[in-house]
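Residues per chain, in single letters:
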Amino acid sequence: MKASLSIALVLSAALLSACGGGSGASKTSFGGNYSGKKTPAAIDESNSNSLAQASVDVTRALTAGDSLPSVPLGVEVETIGKDIVREAAEHALRKSEGVFDNLPIAAEQTLSGSCGGTARYSGDDSKFTVNFYSYCNYDSSARSNLTLNGKMTFEFSGDDTYISMSNYSVRKGSELTVMSGNISLTESGDTEVFTMNVTATVNGATEKISFRETCNTRTNQCSLEQELTVSDGTTYLVEDAQVSNYSLGWYVNAKFYDPSEGYVSMSAQSIVYCNDGQSIESGTITLEDGDNNELTLTFNGCSEMTVSLNNITANVIAQ
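Since the structure is predicted, the reported quantities are computational estimates derived from the model, not experimental observations. (Residues numbered from 1 in each chain as written. Predicted model: local features only at pLDDT ≥ 70, side-chain atom pairs only at ≥ 80, totals over all residues. Heavy atoms only, no water.)

*Asks:* Requested: an account of the environment of aspartate 276, with residues and values cited.
*Replies:* Relative to the helices and strands, aspartate 276 resides in the loop between β12 (262-273) and β13 (280-288). Separated by 26 residues in sequence, aspartate 276 and cysteine 302 have C-alpha atoms that sit 9.2 Å apart. A polar contact of 2.9 Å, which involves the side chain of aspartate 276, links it to the backbone nitrogen of glutamine 278. (Helix = DSSP H or I, 4+ residues; strand = E, 2+ residues; numbered from the N terminus. Polar contact = N/O pair within 3.5 Å; in protein donor to acceptor, adjacent residues only side chain to side chain.)

Below, the structure written as structure tokens:
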């Protein structure tokens, strides 16, 4: 596989919308931020309030986003247009094959941007690095000039592709996105594993997400594991989140792991956010453990939620 200078434009467009991730220990790593229990939780009166708050944190992170505005971070893999992080990164990986054909082996080359700056390429057909120095070019899909800075390294091994980013930034108008971390796509037989561990800061707000998607290319069945770190620093592990947004609000089905209690099944329905984008105005969240104990959160305003355990109202607590 050979490298082409057109990769700069492919990546600038594909990764412009990306927002997520914590850096991993290796180019294919996933996990490490969640260090809590992985056993089933037992819902009871002693932990109902803490699990209720955890479910709100997870729902918010999977839908409205915990700090970046209006970016749904966790959705079912096949849901088009929702998981901006996964789609953008996968697009960059898959578009890479077949377009790397202009950069000579063991070469170094500098490209000038149409509206200023340079991009310097060095390496060969198995590994190369791109350093951007205020590289500016017009992107037709964004309908705007994009200015790139920072470093990206690409490595290829058989059918496997690895991308690392170091302070890679994209400026579009007044919006600045800065990303660091790793992306990988590996294949073995019928199994394809896609991982992303990236930290992104958009106009001063930082979001982290780490996920691993494992797919059977023969059956087209996929599973998705995500680590979500919320604003208070707590990290949750989430499996196979399915997220939809309809006229009545957000809908979520997922299995999530609370670091202190373990895992529960969660279903959120008709979630509508208040004007602050954080508090929930209406909707319900239901948690269930392995013994069919059920915790229900009902939202009838922006400041409180009613928590019920096994259909018995426990209390009303603040959001």
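*Asks:* Can you lay out the pairing of strand β16 (residues 312-318) for me, pointing to particular residues and giving the numbers?
*Replies:* Across 6 bridges, the pairing between strand β15 (residues 304-309) and β16 is antiparallel. Among the inter-strand pairings, threonine 306 is bridged to a residue of β16, identified as valine 316. Where β15 hands over to β16, the hairpin turn is made up of 2 residues, of which asparagine 310 adopts a positive phi near 50 degrees. (Pairing = 2+ DSSP bridges.)

*Asks:* Describe the pattern of salt bridges, with residues and values.
*Replies:* This model, assessed by the stated rule, comprises 4 salt bridges. A salt bridge links aspartate 57 to arginine 60, with the shortest nitrogen-to-oxygen separation between them at 3.5 Å. In this pair, aspartate 57 and arginine 60 both sit in helix α2 (residues 48-62), 3 residues apart, roughly one turn of the helix. Arginine 60 carries the same exposure label as aspartate 57, and that label is buried. The partner of glutamate 239 in a salt bridge is lysine 255, and the shortest N-O contact between them spans 3.8 Å. (Salt bridge = Lys/Arg side-chain N within 4 Å of Asp/Glu carboxyl O. Buried < 20%, exposed > 50% of the residue type's maximum accessible area, 1.4 Å probe, protein only.)

*Asks:* Any chance you could break down the pairing of strand β3 (residues 127-139) for me, citing the residues and the numbers?
*Replies:* As paired elements, strand β2 (residues 118-123) and β3 share 6 bridges and run antiparallel to each other. The partner of glycine 123 across the bridge, within β3, is phenylalanine 128. Counted between consecutive antiparallel strands, the loop separating β2 from β3 contains 3 residues. Pairing between β3 and strand β4 (residues 144-157): 11 bridges, direction antiparallel. Note that in β4 the partner of phenylalanine 128 across the bridge is phenylalanine 154.

*Asks:* With reference to specific residues and values, describe α2.
*Replies:* Side chains three or four residues apart in an α-helix point the same way, a direct result of the helix having 3.6 residues per turn. The end-to-end C-alpha separation of α2 is 21 Å, in line with the 21 Å expected for 15 residues at 1.5 Å each. Counted residue by residue, α2 has 12 buried out of 15 residues, so it is predominantly covered. Along α2, the residues classified as buried are Ser48, Leu51, Ala52, Ala54, Ser55, Val56, Asp57, Val58, Thr59, Arg60, Ala61 and Leu62. (Expected span 1.5 Å × (residues − 1).)

*Asks:* Run through the state of the cysteines, naming residues and quoting values.
*Replies:* Under the definition given, this model contains 3 disulfides. Across the disulfide from cysteine 215 sits cysteine 222; the S-S distance is 2.0 Å. Disulfide cysteine 215-cysteine 222: the torsion about the S-S bond is 115 degrees, which places it as right-handed. We classify cysteine 215 as buried; its relative accessible area is 11%. When its relative accessible area of 30% is taken as the criterion, cysteine 222 is described as partly exposed. When the bonded cysteines of the protein are counted from the start of the sequence, the pairing works out to 1-2, 3-4, 5-6. (Disulfide = S-S within 2.5 Å.)

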